[in-house]
Amino acid sequence: MKEYWTSLASLLGVLAFCQSLMQSIFPPELRFAFLKFFNRIFHLFSSYCYFDITEIDGVNTNELYNAVQLYLSSSVSIAGNRLSLTRAVNSSSITFGLSNNDSIVDTFNNVTVLWEHVVTQRQTQTFAWRPLPEEKRGFTLRIKKKDKTLILTSYLDYIMERANEIRRKNQDRLLYTNSRGGSLDSRGHPWESVPFKHPSTFETLAMDPIKKQQIMDDLKDFAEGQMFYQKTGRAWKRGYLLYGPPGTGKSSMIAAMANHLGYDIYDLELTEVHSNSELRKLLMKTSSKSIIVIEDIDCSINLTNRKKNSSSCSNGTTQRSYYDMETRPGSGSGEESGNGNTITLSGLLNFTDGLWSCCGSERIFVFTTNHIEKLDPALLRSGRMDMHIHMSYCDFPSLKILLKNYLGYEEEDVDDDVLKEMERVVEKAEMTPADVSEALIKNRRDKEKAVRELLEDLKSRGEGIVKDGKLRGHNGNMTELEIVEEEEKRAIDSQNEEEDTDEEEIEVVDNICKD
C-alpha cells in the first residue's frame, strides 16, 4: 500500500514537471492554437454539430432564447425530473422550465436533437453601460450534421411559432384604448392597456345555436387560413358588422370572439383621433392576432348623405368630395368644433381595406351600430365588413340559454306548459337579452318566481306591442327581422347605383372646373 502511494506521488510529480516544462517551452498563443486545431480535428470526425443560443446578444435580449425556453416548457413538464417554475407578467398560469445545466431530448420530423441549459458564472465586469446578470445563461443545441439543413430552415421557425402560441395561451387578454388620441407615451406607444377579464363565451352567449356555430366556424377558418390568404393574394384580415337594437349582446359577442380566438382587443375611439395620419399610426401600432373594434360607428363619424358633398376644382372653386367627410360636430369635427379633427370617410376606408390595412396579419375588424341604414354603402361591401351579424331580440333558443346561465335550468327543469307559453309569446314581446337577463337576475334567489315573473313580463310586453300596432308581422306585413334585412339589402344595393353615376358626376365636375 505504501508503494502505491509512492508511485502515485511520483506520477503526479512527473505530470507537474511536464506541465511546467510545456508552459515554459510553448507560449500561451501556441498552446491556444494547438487546442483550436485539436478541436477542429475532433469536430471534423464527429457526427454532431453544436449551436449556442445565449440569453443576451450583446446588450439586447435574445428573443430566440426566450422562445426556446417557452417551447421546451411544453415537454419539460412531462419528461423532466428537476424543473424550474416561472410566472410571467399578465399571466395566469405557471410555466415549467429546465433547471440549470440540465438537458432534454426533443424530436422534430423524426429527427432527434438534444437541448442543454448551460448556466455559468459571468466574469466580474469592470464597466458596462448596461449591468449584466451575474449568471451567463444559454441553450446548447446538439444535432447530427446530416440534419443541419432541416433544423436551421424549419425547426427554429417551428419553435418561434409554438412559443408565440404558448405565450398567448398563458398571457391574459389585454384591452387597449387610444385615450390620448394618436399621441405617443414615453415608450412610444399610442395605446394604453388593461387586463381583459370579460367572461363572455359562445357557450353563454344568448343567440340561436345554429347562428353561433356559423360564426365560430367562420372564425376558425380565418384563424387557420394563413396559407389560403397567401395563395389567394388577400390580406389576412376579416371584417364583421354587428347590428341591431341596444341590449342585444353586441359587446358580449366581441368578448366571446376574443376569448374564443385568444386575441387582444383594440377599442378604437374615433372621436379621440384628429386626422387620417393619426389613424394610420394607431393601426401600425396594433399587434397581430388582435380584434380592432369601432363601436357605434354611425355615431362616431358622418357616413351618410355622401352625395351632398361636392368636389374640389383646380380653379379655386371648393366642392367637397363625398370621400372627404369629417366627423360629426358633436364628436370633434374639424371646422365646427375647432379642434382640427379631419378624419374622412376615405381615411376610414383605407384604414379597413386600403394598403395600410395590410401592415400586419391575422387581424379582425369589428364594427357595431344600432342603425345599419345610416351607414354608407361603401363601408358595407365585402372586404370591409365581410360578415353581417344581426343581433336581434331574444328568441326561444336564446331564452333557454339565459335560463340555463342565470338559473341553472335545463329545458326539462321547466314545466312544459310554461315553456310552450314562453315560446308562444317571446317573439311578440321583443325583449332584448339584456332585459331578460335583468328579469332573471333580480329574482335569482327564487327560481320559480323568476320564471313566473319573466313570463308575465313577456306577456305584458307582447300585448302592449300588439295594441300599439307595432308588431306588423301579425297584420300581414314584415316582421322586425325582415325589416332590418330589407334595410341592409337596400343599403348595399344603393352602393351599386351610386357607383354607376359616380363617373358621370366626376365628369360634370371636371367640366365645371374647366369652364
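The protein chain carries the name AAA+ ATPase domain-containing protein in an unreviewed UniProt entry, which gives Eruca vesicaria subsp. sativa as its organism. Recorded in UniProt under Sequence similarities (unreviewed entry), the annotation for the protein chain is "Belongs to the AAA ATPase family. BCS1 subfamily."

(A) Representation of the overall build of the protein chain within the structure. Scanning the protein chain for helices and strands turns up 17 helices and 15 strands. Counting the 515 residues in the protein chain, one finds 37% classified as buried.

(B) Region of the structure containing the packing of helix α13 (residues 396-407) against helix α16 (residues 447-468). α16 packs onto α13 with a crossing angle of 150 degrees between their chain directions and a minimal axis gap of 12 Å. In this view, α13 runs roughly antiparallel relative to α16, as classed from their interaxial angle. With respect to the hand of their crossing, α13 and α16 are arranged in right-handed fashion. Two secondary-structure elements touch here, α13 through Leu399, Leu403 and Leu407 and α16 through Lys447, Ala450, Val451, Leu454 and Leu458. Taken together, the residues of the contact of α13 with α16 sort by class into seven nonpolar, no polar and one charged.

(C) Structural context of the nonpolar core. The biggest cluster of nonpolar side chains holds 28 residues, and the ones touching the most others in it are Leu241, Leu268, Ile294 and Phe351. Breaking this core down by element, the ones donating at least two residues are β9 (174-177), β11 (237-243), α8 (276-284), β13 (290-294), α11 (345-353), β14 (363-369) and α12 (377-380). Broken down by element, this core gets its largest block of residues, four residues, from α11. Other than its neighbours up to four places away in sequence, leucine 241 contacts Phe367, Thr369, Ile372, Leu375, Leu380, Met385, Met387, His388 and Ile389. By size, the runner-up hydrophobic cluster in this structure holds 27 residues, among which are Phe202, Ala255, Ala258 and Val293.

(D) A look at the packing of α13 against helix α15 (residues 433-441). One way to put it is that α13 packs onto α15 with a least axis distance of 10 Å and a crossing angle of 35 degrees. Pair α13 / α15 crosses with right-handed handedness. Of the residues in α15, those touching α13 at Leu399, Leu402, Leu403, Tyr406 and Leu407 are Pro433, Val436, Ser437, Leu440 and Ile441. Residue classes in the contact of α13 with α15 are distributed as nine nonpolar, one polar and no charged.

(E) Structural view of α16. End to end, α16 covers 32 Å across 22 residues, agreeing with the expected 32 Å (1.5 Å per residue, within 8%). Among all positions of α16, only Ala450, Val451, Leu454, Leu455, Leu458, Gly462 and Ile465 are buried. An end-on view of α16 places all buried positions within 130 degrees of arc, on one side of the element. Exposed residues on α16 whose side chains face more than 90 degrees from its buried face are Glu448, Lys467 and Asp468. Structurally, α16 contributes buried residues whose contacts are with α13, α14 (416-429) and α15.

(F) Spotlight on the sheet that holds strand β7 (residues 111-121). Taken in spatial order, the four strands line up as β1-β8-β7-β6 in an open sheet, and their pairing is antiparallel. Because the sheet does not close on itself, it has two edges, and the strands there are β1 (48-54) and β6 (103-108). Each strand axis lies, on average, 25 degrees off the axis of its neighbour in the sheet, ignoring direction. Strands in contact with helix α4 (residues 148-170) are β1, β6, β7 and β8 (135-144); relative to β7, the strand with the most contacts, it is inclined by about 70 degrees.

(G) Expanded view of the sheet that holds strand β15 (residues 387-390). Spatially, the seven strands line up as an open sheet ordered β10-β9-β12-β13-β14-β11-β15, and their pairing is mixed. Where the open sheet ends on each side, the last strands, each with one partner, are β10 (192-195) and β15. Adjacent strand axes in the sheet meet at a mean angle of 20 degrees, parallel and antiparallel pairs treated alike. With four bridges joining them, strand β12 (residues 264-267) and β13 adopt parallel strand pairing. Looking at β13, one finds that aspartate 267 is bridged to valine 293. Across the sheet, helix α7 (residues 250-261) is in contact with β11, β12, β13 and β14; its angle to β14 comes to roughly 170 degrees.

Conventions and cut-offs
Residues numbered from 1 in each chain as written. Predicted model: local features only at pLDDT ≥ 70, side-chain atom pairs only at ≥ 80, totals over all residues. Heavy atoms only, no water. UniProt positions renumbered as here; feature names shortened; annotations may be inferred. Helix = DSSP H or I, 4+ residues; strand = E, 2+ residues; numbered from the N terminus. Buried < 20%, exposed > 50% of the residue type's maximum accessible area, 1.4 Å probe, protein only. Axes fitted to C-alpha atoms, helices over the stretch in contact; angles between N-to-C directions. Parallel < 35°, antiparallel > 145°, perpendicular 65-115°, else oblique. Left-handed = near helix turned anticlockwise from the far one by under 90°. Contact = heavy atoms within 4.5 Å. Nonpolar A, V, L, I, M, F, W, Y, C, P; charged D, E, K, R; others polar. Core = buried A, V, L, I, M, F, W, Y, C linked by side-chain atoms within 4.5 Å. Expected span 1.5 Å × (residues − 1). Arc of directions from axis to C-beta. Pairing = 2+ DSSP bridges.

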